Structures are given as structure tokens and as C-alpha cells.
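Residues per chain, in single letters:
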Amino acid sequence: MKILVTGGTGNVGGAVVTELLKRGAEVRVLARKQPEGDKLPAGVELAIGDLLDPGSVEQALQGVDKLFLLNAVATDELTQALIAYGVAKRMGINHVTYLSVFKVDQFRDVPHFASKLAVESALREFGVSYTILRPGYYIQNDLHLKDALVGAGVYPMPIGTAGIAAADVRDIAEAAAISLTEDGHDGQTYDIVAPATISGPSNAAMWSKLLGREIKYTGHNFDQWEQTMRSRMPSWSAYDLRMMFQGYFDRGFESTETEVARLTKLLGHTPRSYEDFAAQTAAMWKA
Ligand SMILES: NC(=O)c1ccc[n+]([C@@H]2O[C@H](COP(=O)([O-])OP(=O)(O)OC[C@H]3O[C@@H](n4cnc5c(N)ncnc54)[C@H](OP(=O)(O)O)[C@@H]3O)[C@@H](O)[C@H]2O)c1
């Protein structure tokens, strides 16, 4: 069985490739250019193409049985997703596993959530076998916080105080691989959530303990955060993320024990925790 992975050179897609290989699947990755060095594991086929170019998507899908569909956050995310889905449907794909986001239906004012909600609607409408994965806030996002935590001594992400759902990329990848290589996942939507929620103050306290110094949560002044981010990313992207963080704060993004229990059953183990990630990362940074 051959599976096409979009986003296979990125964080989640790369982990999905690894999990699929472990399960004996043949894997092809769609990427816009030749990945650097040994970024693709041995035995993985590469299809150079672009999700905005339907012809290249069609070529990448030749001889493919199933599709893992991940779309990067972009202004044309919805178009990219619907091109991949539409071409795959026309070519008779057997199954699509789609990477969405937790509580997608409650954040319709956040552009990248709204795109994913529209794609989910298409998946439910057109009769192709599908699985939807809805992960929380990626635990591995915080790998980028080394300078803030080790240098400035701050936890800078405005994730609020109430507690939000987190997700380990490795659990997302396992769930994706299970849905693509085992039966019984057609029409299923799985929330991918860690055993405990995370918050600004609790993460700051955890890192304080691990790094042996005081780490302060910088709070959630969304106007100020968006303003700062405009100098580091396109302003539409700063707006999109601000709306997401503000939505977490205004509406909540909390996972439940029921959701954790369902994922535990799917994976066959307890989902990975932020606490373990932080401990391993702190040890790595100290070394
Ligand atoms: N971060 C979070 O907390 C979080 C939580 C829930 C859901 N999500 C969702 O996760 C997704 C991002 O996953 P990630 O972190 O794994 O992304 P990533 O590491 O940034 O990787 C993005 C991938 O998309 C590919 N790509 C981008 N534009 C493309 C195009 N036009 N045609 C073909 N491929 C293209 C890139 O390939 P090349 O550049 O190599 O071509 C790369 O492999 C987004 O949909 C986001 O909304 C994120």
C-alpha cells in the first residue's frame, strides 16, 4: 500500500513518514523542492510539486492508495487543501487522513481554523473514506523558546491562565499512521490531546524548576503581542495567531478526560505529556 504524505518535510508530516515506515507502508512525499541532506528517510519516494498546482498533485498521486493531507498555514490554505482533496477524489483515492485542529468549529473567526472547518465539511460531504485528526497546541512549539527561557527568563506565549489542550507531534503521527494502515477509522474524528492542559503560569513554574531560575509568564496583552509579531512574520499571520490566542482566552481550549481516554485507546498508550517533553528538553539544553 502506497501513501502520499503532504507536508512530509515538516514537523508533523516528517513524524508521520517515520510512523508509516515502521508499519511497513510505502511512502511518497510531496514537497516543493528537493529536501536538504538526509531529511527524507531511505526508501521514501519524493514527488516534487506544489499544492497550488493541480497537475503536479495529480502526478504525485499516480499509483497512490491513501493520502495524509496536511496544509501549512497560508493565505491560500483552503485552496491548497481543496485542490489536493479534489484531485485525489477524482483519481479514486481509498482514504484521506486530514490534519485539522482541536475545537475547529468553535474558532470560525480564526482564518486558519475556518479553512480547516471548510475542508472538514468537504470530507464529510463527498463520500470518500476519511479520518480527521484534531490536535491541540503542539508541545514541540516550545522548542523555539530556548532564547526566551534560557536567555531572557520569560515564558512568552500568550496561552492564558485557564489551561489549554496540548498535543505531542509524535502522538499525532502515530494516530495518523494507525488511521492509514488499520481498518475501522473511516468517518472518525479524533481529538489529539495530552493528558494534562498547559497554561502560561504553570509552564513558567515548570520551566523555573527545570532550569533552576525564575521564569516569568509575560501575560496576554493581545494588542501588544500582535504588534510585536508583525515585525517577525507577515502581518496577516500575526493577526491569525492573535485571534487564535485571544480565542483560547475568551472561549477556552480545554480538553477533557473523555477525549484523553479515547486517544489513549486509539494509541494503545497514554498520550505524551508536556511535563516529560519539558524535562527532556531542559536536560538537552543543559547538555
Ligand atoms: N503549531 C500548532 O500548535 C498546531 C496545532 C494544531 C494544528 N496545527 C496545524 O499544523 C499544520 C502545520 O504543521 P507542521 O508544524 O508540521 O508544519 P511545517 O513544519 O511548517 O511544515 C509545512 C509543510 O508544508 C509544506 N508546504 C507548504 N506549502 C506547500 C505547498 N504550497 N505545496 C506543497 N507543500 C507545501 C512544506 O513543504 P516544503 O516547504 O518542503 O515544500 C512543509 O513540509 C498547520 O495546518 C497548522 O494549522 C498546528
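As shown above, the structure is provided for reference.
The shown structure was predicted, so the numbers you read here are calculated from the model rather than taken from an experiment.

K.L.:
Would you mind going over helix α11 (residues 274-286) in detail, with residue names and values included?
P.N.:
Relative to the 18 Å expected for 13 residues at 1.5 Å per residue, α11 spans 18 Å between its end C-alpha atoms, a close match to the ideal helical length. Among the residues making up α11, those that are buried are Tyr274, Phe277, Ala278, Thr281, Ala282 and Trp285. Looking down the long axis of α11, one finds its buried residues gathered within 130° of arc, a one-sided arrangement. Exposed residues lying more than 90 degrees from the buried face of α11 are Glu275, Met284 and Lys286.

K.L.:
Tell me what's going on with helix α7 (residues 200-211), and back it up with residues and numbers.
P.N.:
In this model α7 runs 16 Å from its N-terminal to its C-terminal C-alpha over 12 residues, within 8% of the 16 Å that 1.5 Å per residue would give. Among the residues making up α7, those that are buried are Gly200, Asn203, Ala204, Trp207, Ser208 and Leu211. Projected down its long axis, α7 shows its buried positions confined to an angular sector of 140°, all on one face. Lining the buried residues of α7 we find α5 (146-152), β8 (154-155), β11 (216-217) and α11.

K.L.:
Any details on the site of the ligand? Residues and values, ideally.
P.N.:
Surrounding the ligand, one finds 25 residues, the nearest of these being Thr9, Arg32, Asn71, Lys116 and Tyr138. One of the side-chain N or O atoms of Thr9 is found 2.5 Å from an oxygen atom in the ligand. Taking Lys116, its side chain carries an N or O atom lying 2.8 Å from an oxygen atom of the ligand. Mapped by element, the contributors of at least two residues to the shell around the ligand are α1 (11-22), α4 (111-125) and β7 (137-138). When its residues are assigned to classes, the shell around the ligand shows 11 nonpolar, 11 polar and three charged.

K.L.:
Can you tell me about the nonpolar core, naming the residues and giving the values?
P.N.:
Counting 40 residues, the largest nonpolar core has Tyr137, Tyr155, Trp207 and Phe245 as the members making the most contacts within it. Elements represented by at least two residues in this core include exactly α4, α7, α8 (222-229), α9 (235-251) and α11. Contacts of Trp207, omitting those with residues within four sequence positions, involve Leu149, Tyr155, Gly212, Ile215, Tyr274, Phe277, Ala278, Thr281, Ala282 and Trp285.

K.L.:
I'd like a description of the sheet that holds strand β2 (residues 26-31), backed by residues and values.
P.N.:
Backbone-to-backbone hydrogen bonds pair the strands of a sheet. The strands run either parallel or antiparallel. If you trace the seven strands from one edge of the open sheet to the other, you get β3-β2-β1-β4-β5-β6-β10, paired in parallel fashion. Of all the strands in the sheet, the pair left with one neighbour each is β3 (45-48) and β10 (188-192). Across the sheet, the mean angle from the axis of one strand to that of its neighbour is 20°, orientation sign disregarded. Strands in contact with helix α2 (residues 54-61) are β1 (2-6), β2 and β3; relative to β2, the strand with the most contacts, it is inclined by about 165°. The strands touched by helix α3 (residues 77-90) within the sheet are β4 (66-69) and β5 (95-99), with β4 carrying the most contacts at an inclination of about 175°.

K.L.:
Just give me the short version of unusual backbone geometry, but keep the residues and values in it.
P.N.:
Where the residue is not glycine, phi is negative for most of them; where a peptide bond is considered, it is trans in most cases. If you check the backbone angles, Lys103 has positive phi at about 55° while not being a glycine. Mapped onto the secondary structure, Lys103 falls in the loop between β5 and α4. Residue class for Lys103 comes out buried when judged on its relative accessible area of 16%.

K.L.:
Account for the packing of α8 against α9, naming residues and giving values.
P.N.:
The description of two packed helices rests on the angle between their axes and on the distance between the axes. As a packed pair, α8 and α9 sit with axes 9 Å apart at the nearest point and diverge in direction by 155°. By the angle between their directions, the pair α8 and α9 is classed as roughly antiparallel. The interaxial crossing formed by α8 with α9 has right-handed handedness. Two secondary-structure elements touch here, α8 through Phe222, Asp223, Trp225, Glu226 and Met229 and α9 through Ala238, Tyr239, Leu241, Arg242, Phe245, Gln246 and Phe249. Its residues assigned to classes, the contact of α8 with α9 shows eight nonpolar, one polar and three charged.

K.L.:
Go over the pattern of salt bridges, please, and point to the residues and values.
P.N.:
One pass over the structure, following the stated rule, counts 15 salt bridges. Glu58 is paired through a salt bridge with Arg90; the nearest N and O atoms lie 3.3 Å apart. Here Arg90 lies in helix α3 and Glu58 lies in helix α2, a separation of 32 residues in the sequence. A salt bridge links Glu77 to Lys116; the nearest nitrogen and oxygen atoms lie 2.6 Å apart. With Glu77 in helix α3 and Lys116 in helix α4, this residue pair connects regions lying 39 residues apart in the sequence. There is no split in this pair, since Glu77 and Lys116 are both buried.

Here is what the cut-offs are and how they apply
Residues numbered from 1 in each chain as written. Predicted model: local features only at pLDDT ≥ 70, side-chain atom pairs only at ≥ 80, totals over all residues. Heavy atoms only, no water. Helix = DSSP H or I, 4+ residues; strand = E, 2+ residues; numbered from the N terminus. Expected span 1.5 Å × (residues − 1). Buried < 20%, exposed > 50% of the residue type's maximum accessible area, 1.4 Å probe, protein only. Arc of directions from axis to C-beta. Contact = heavy atoms within 4.5 Å. Near = heavy atom within 4 Å. Polar contact = N/O pair within 3.5 Å; in protein donor to acceptor, adjacent residues only side chain to side chain. Nonpolar A, V, L, I, M, F, W, Y, C, P; charged D, E, K, R; others polar. Core = buried A, V, L, I, M, F, W, Y, C linked by side-chain atoms within 4.5 Å. Pairing = 2+ DSSP bridges. Axes fitted to C-alpha atoms, helices over the stretch in contact; angles between N-to-C directions. Parallel < 35°, antiparallel > 145°, perpendicular 65-115°, else oblique. Left-handed = near helix turned anticlockwise from the far one by under 90°. Salt bridge = Lys/Arg side-chain N within 4 Å of Asp/Glu carboxyl O.

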